[in-house]
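Descriptive analysis of the structure
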Amino acid sequence: MADIFTVQIITPDRIFYEGEATMIEFNTEAGEIGVYPRHIPLTTVIRPGVVTIHEESGDKKAAVHAGFAEILPDKVSIMAEIAEWADEIDLERAEEAKKRAEERIAEKTQDTDMDRAELALKKAVVRIQLAGK
Amino acid sequence: MASMKDIKRRRSSIQSTQQITKAMKLVSTVKLQKAKTRAEKTTPYFDHMYQTASSILARSGTINHPYLSAGDSPKAAVVVITANRGLAGGYNSNVVKLLTQGDLPKENLEIYAIGTKGKDVLVRRGYDIKEDMSGIIDAPTYADAKAVCDKVLQSFSNGEIGEIYLAYTFFKNTVAHEPRLMKLLPLEFSEEELAEMKQSGQDDKLIMNYEPNEEEALERIIPKYVTSIFYGALVEAVASENAARMQAMDSATSNAEDMISDLSLKYNRARQGSITQELTEIIAGAEAIS
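What counts and what doesn't
Residues numbered from 1 in each chain as written. Chains lettered and ligands numbered in written order. Predicted model: local features only at pLDDT ≥ 70, side-chain atom pairs only at ≥ 80, totals over all residues. Helix = DSSP H or I, 4+ residues; strand = E, 2+ residues; numbered from the N terminus. Rg over C-alpha atoms; globule rule 2.2 N^0.38 Å. Buried ≥ 20, exposed ≤ 12 C-beta atoms within 10 Å, placed from the backbone. Contact = placed C-beta atoms within 7 Å. Nonpolar A, V, L, I, M, F, W, Y, C, P; charged D, E, K, R; others polar. Pairing = 2+ DSSP bridges. pLDDT = per-residue confidence, 0-100. Expected span 1.5 Å × (residues − 1). Arc of directions from axis to C-beta. Axes fitted to C-alpha atoms, helices over the stretch in contact; angles between N-to-C directions. Parallel < 35°, antiparallel > 145°, perpendicular 65-115°, else oblique. Left-handed = near helix turned anticlockwise from the far one by under 90°.

Scanning chain B for helices and strands turns up six helices and six strands. N-terminal to C-terminal, the α/β element order of chain B is α-β-α-β-α-β-α-β-β-α-β-α. Scaling as 2.2 N^0.38, a compact globule of 290 residues should have a C-alpha radius of gyration of about 19 Å, whereas chain B reaches 28 Å, well beyond that. Expressed along its principal axes, the backbone C-alpha trace of chain B runs to roughly 115 × 40 × 30 Å. The buried share of chain B, reckoned over its 290 residues, is 33%. Here the analysis covers contacts within chain B between residues at least 6 apart in sequence; of these, 78% occur between residues at least 24 apart.

What follows is the structure in structure tokens.
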């Protein structure tokens, strides 16, 4: 039997996910990482991306935007500001948001908050990537 | 003695007031239940956030980060969370009292008001209201909390303000809620707390790594920590508001009950008095004729 560890995804409004997994993949500031049990303790900042939780019975995918993860040998806690399952995502809205963000970036003026526009674009792309599949 | 008609009119007026207070009590009971559930749901996030932030700080006590030391500016920002509506007993005035009777100098304060009731009083007292964001208290979301926090943190890092405080009502349970003035930034932990954190950090016998590095992680995590405290405070304030209103309306209803029974007694006495008087008059009249 493969090693398992506890995975928690907590958002301000609820405990989004809590369960046992064999591996978890997510996107951090330093790039995409996959974490197996008995990882070294690590706290890292998350970038918007798809989190894949590999459970013994199958995979689960969720979109996570902004937050940080605390990795311990027997436990991973992700503190996310926003987290969504694929079926909670409104694909149309995400497409619209993507278009809006792209427009904002294309017509950039001095007043445009580029960081914000790029973040919005990234969020939309992650949502589409997850829900479109 | 007041006439029967007067007493009757007064009694029916109190009765209709009582109906209103009763209805308000029921409404706030329902709202309280909702707010309480929400407040409970935010606890895991907040607890975890506190743990992480404190364990980083415990280990990196020597880090010299702007968030950990007071800014040069003598000014302080206070986010004041009150309600948009009154009729909640001392709920609004207790929060305002934290400022008016506290030891923060009035002229150095910049108020970020959430809740019109508190804002109105502070304006009248001559406080400097920097911004009014009363709209969000009706249905606070994490995004709202973040928007407010970003603004305050921005002016903290620009050096416009040196300290950030939060005035809100802590929700202990349905009957007990206490107004609190809390310092958000710079983060300060007492010696005891630090010792405790170190203790628990050592128990784990783990050395936490930070990516990209401790300072940067701190830079990212502290705003989130502050936002989560702030969001928790908002949610608790809403719960406290409804609990306070429920209590106020409950006692108003029972006071009305007392007044009604008192007036009923007076009314019946007056009625009996007038009947007795009429009878005596008739008997006296009959005797005079015979």
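Text resumes after the structure shown.
Counting secondary structure elements, chain A contains two helices and eight strands. Its helices and strands in sequence order give chain A the pattern β-β-β-β-β-β-β-β-α-α, from N to C terminus. Its C-alpha atoms put chain A at 55 × 30 × 25 Å along the principal axes.

Our focus in this paragraph is the interface of chain B and chain A. Between chain B and chain A, the residue contacts involve 20 residues of the former and 21 residues of the latter. Of all elements in the fold, only α1 (4–59), β6 (209–211) and α6 (214–289) of chain B reach the threshold of two or more residues within the side of chain B that touches chain A. By residue number, the principal contributor to the side of chain B that touches chain A is α1(B), which donates seven residues. Residue composition of the side of chain B that touches chain A, by class: twelve nonpolar, five polar and three charged. Note: strand β5 (residues 42–46) of chain A against β6(B), three bridges, orientation parallel.

A few words now on the confidence of the model for chain A. Should pLDDT be low for a region, the predicted coordinates there are not to be read in detail. Of the residues in chain A, 97% reach a pLDDT of 70 or more, and the chain-wide mean stands at 83. Confidence, read as mean pLDDT per element, is least for helix α2 (residues 114–131) of chain A in chain A (79) and greatest for strand β1 (residues 5–10) of chain A (90).

Moving on: helix α4 (residues 142–157) of chain B. Residue and element names in this part refer to chain B. With 16 residues, α4 should reach 22 Å at 1.5 Å per residue; the first-to-last C-alpha distance of 22 Å fits that figure. Of all the residues in α4, the buried ones are Y142, A145, K146, V148, C149, V152, L153 and F156. Burial along α4 is one-sided: seen end-on, the buried residues are contained in an arc of 170 degrees. Along α4, exposed side chains directed more than 90 degrees from the buried face belong to A143, D150 and Q154. One or two residues past the end of α4 sits G159, with phi positive at roughly 85 degrees.

Residues and elements named next belong to chain B. Two elements in contact, helix α2 (residues 91–100) and helix α3 (residues 116–124), have axes whose closest approach is 9 Å; the angle formed by their N-to-C orientations is 50 degrees. Classified by the angle their axes make, α2 and α3 are oblique. Judged by the twist between their axes, the crossing of α2 over α3 is right-handed. Judged by residue contacts, N92, V95 and V96 of α2 engage K117, G118, V121 and L122 from α3. Its residues assigned to classes, the contact of α2 with α3 shows four nonpolar, two polar and one charged.

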